[in-house]
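Fold and geometry: a report
For reference, the chains in residue letters:
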Amino acid sequence: MSKSETIEFDPTKKHAPAKLGRVLVLGLGKSGKAVSEYCSDLIGSRVESLTVAAGVANPAVSEFASEIEAKGARVLFDTFDFEESYDVAIASPGISEFSDFYLAAAAHAAEVISEVEFAWRESAKDSRWLAVTGTNGKTTTTALAAHLLKECGLKASAVGNIGDTCIAAVAAGKTDCYVAEVSSYQLASTRDFCPDVAILLNITPDHVKWHRSLENYALAKKKIYANLAKGGTAVVMDATNDVVRGFVRELKATPDSERGFAYIPMGTADGIHSSMREKCGSANAAYLSATDELVAEWNGVKTTLVAASKLQIAGEHNASNALAAAAAALALGADPEKVNKGLTSFAPLEHRIEPCGTVAGIRFYNDSKATNVDATLKALAAFGAERPIVLLGGDDKGTDLSELVAESEAHCKAVVCFGDAGARFLAAFEDSKLPHYSAGKMEDALDAGIAHASAGDIVVLSPACASFDEFSGFEERGRVFKGMVAERARRQGA
């Protein structure tokens, strides 16, 4: 007999057992703490016991552990030698499904799920979910989709990898529509997760070490729409991307009655200005018109929205992100006029081609969120005819740099290579005619960029690397960069 047939479910929630039983939480990062806090408040009611496998002890984790232990939880440090069985294990996203830690939990639990799955199950039956994933662009798309839905009068919140964790937002009970940025890590451990509308952006090589292969990475992303037939409406898909377009072909080949939900392809193999409806007869489509207007054809209705030039976020990739958010909002029933208003009022996010000041007439942009080559490629193309000096480097992911070199030659005035990745990046430009310079740390790269720039030029931090050689994350890197720009503006003038 299946679990759904033997367990009593709470009729007020999406798919939550009336009794959670014995709960195991893996990891005490941000999501692990949120799940542990949520479950510790249920000990003695819905939770029979709570065990937290916290990993390595440190002062911050130990303090939190003491708080939940006072509520009756058991916290394990430096071990995953589990001796009992659990009804559910909830894994933090940093724990690979192939790791010994994860596999040990799976051997002792009826199921292992992610925090996103857990939060969706626990959310109110009538709540709505819009889930966003992809290698690049998901944070901007998530924030913009939440902005559009708020403009339409919904109590929408951006959650997941942006804002509060999903379970913290569910616990707060102030949201009717959860707009969730979800990673491949989180999607890999979903089972029943069924958003009302999903967005699948581009898929390019990233996090392959965690997933063991690019195929596993892509399949994890694909799980964002795996259960839509159980109650979802549509998935918006970036059909300009080769991998995602393959998924579109799979959906097209599946009869409507068998598929159970609609799909909205954005663009075609020819680019974002091409309509899959015109080219291949798709029932729905989203694209940029010949005059650069955002167009969504959904459920028999063609909606022409604002021109990309009216957006405050720069670049064709951001026009694509805006198109995805708008198409998803329309699929949720949003008012086109209010969507238009929201599109034009949305401002750039921090660390994503974010204007951050001028020094001696040189303009600076913080694109610290560009932690892989594909994200940097989008930034290079975002400035049109202007040719920025781009600062590249940091903690090297070891990805191929040939396309980065070619696109830098096409779009840039010069590049400065810095950090642990600096030597390898510089070597990649060795035979290039594009001016390329070496620097030690990020601050050295900034000063090198200033030295080789003139008034009217642009200098962009778009590293194509992680930040861990110098910083705790891309957020710290970006804020430090902005502080350095501001300090030089004070010394040298704007």
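For the structure itself, consult the block above.
**What to know about the environment of Tyr217**
Its place among the elements puts Tyr217 in helix α10 (residues 214-222). In sequence terms Tyr217 and Arg488 are 271 residues apart; their C-alpha atoms lie 42 Å from each other.

**Concerning the sheet that holds strand β1 (residues 21-26)**
Reading across the sheet, the five strands line up as β3-β2-β1-β4-β5 and stay open at both edges, with parallel pairing between neighbours. Only two strands of the sheet have a single partner each, and these edge strands are β3 (74-77) and β5 (112-114). Taken over all neighbouring pairs, the strand axes of this sheet differ in orientation by 25° on average, direction set aside. Pairing of strand β2 (residues 47-55) with β3, which is carried by four bridges, proceeds in the parallel orientation.

**Details of the packing of helix α16 (residues 373-381) against helix α17 (residues 402-411)**
Axis separation between α16 and α17 bottoms out at 10 Å; the angle between their running directions is 10°. When the axis of α16 is compared with that of α17, the two are roughly parallel. Residues Val373, Thr376, Leu377, Leu380 and Ala381 of α16 lie in contact with α17, whose contacting residues are Glu403, Leu404, Glu407, Ser408 and His411. Counted by class, the contact of α16 with α17 contains five nonpolar, three polar and two charged residues.

**Observations regarding the nonpolar core**
Soluble globular proteins tend to pack their nonpolar side chains together in the buried interior. Counting residues in hydrophobic clusters, the biggest one holds 57 residues, and the most contacted among them are Val23, Phe118, Trp129, Tyr225, Val235 and Met237. Not counting the four nearest positions on each side in its chain, Val235 is found in contact with Ala198, Leu200, Tyr225, Leu228, Leu251, Phe261, Ala262, Tyr263 and Ile264. Counting 49 residues, the second largest nonpolar core, distinct from the first, contains Leu148, Ala156, Val339 and Leu343.

**Topic: the sheet that holds strand β17 (residues 389-393)**
Overall, mixed pairing links the six strands, which are arranged β15-β16-β20-β17-β18-β19 in an open sheet. Every other strand in the sheet has two partners, leaving β15 (354-359) and β19 (436-438) as the edge strands with one partner each. The mean inter-strand angle of the sheet, taken between neighbouring strand axes irrespective of direction, is 20°. As judged from the four bridges shared by β15 and strand β16 (residues 362-366), these two strands associate in the antiparallel manner. In the strand pairing of β16, Val359 is matched with Ile362. Against the sheet, helix α19 (residues 442-451) contacts β16, β17, β18 (414-418) and β20 (458-461), and its axis sits at roughly 160° relative to β18.

What counts, and at which threshold
Residues numbered from 1 in each chain as written. Predicted model: local features only at pLDDT ≥ 70, side-chain atom pairs only at ≥ 80, totals over all residues. Heavy atoms only, no water. Helix = DSSP H or I, 4+ residues; strand = E, 2+ residues; numbered from the N terminus. Pairing = 2+ DSSP bridges. Axes fitted to C-alpha atoms, helices over the stretch in contact; angles between N-to-C directions. Parallel < 35°, antiparallel > 145°, perpendicular 65-115°, else oblique. Contact = heavy atoms within 4.5 Å. Nonpolar A, V, L, I, M, F, W, Y, C, P; charged D, E, K, R; others polar. Core = buried A, V, L, I, M, F, W, Y, C linked by side-chain atoms within 4.5 Å. Buried < 20%, exposed > 50% of the residue type's maximum accessible area, 1.4 Å probe, protein only.

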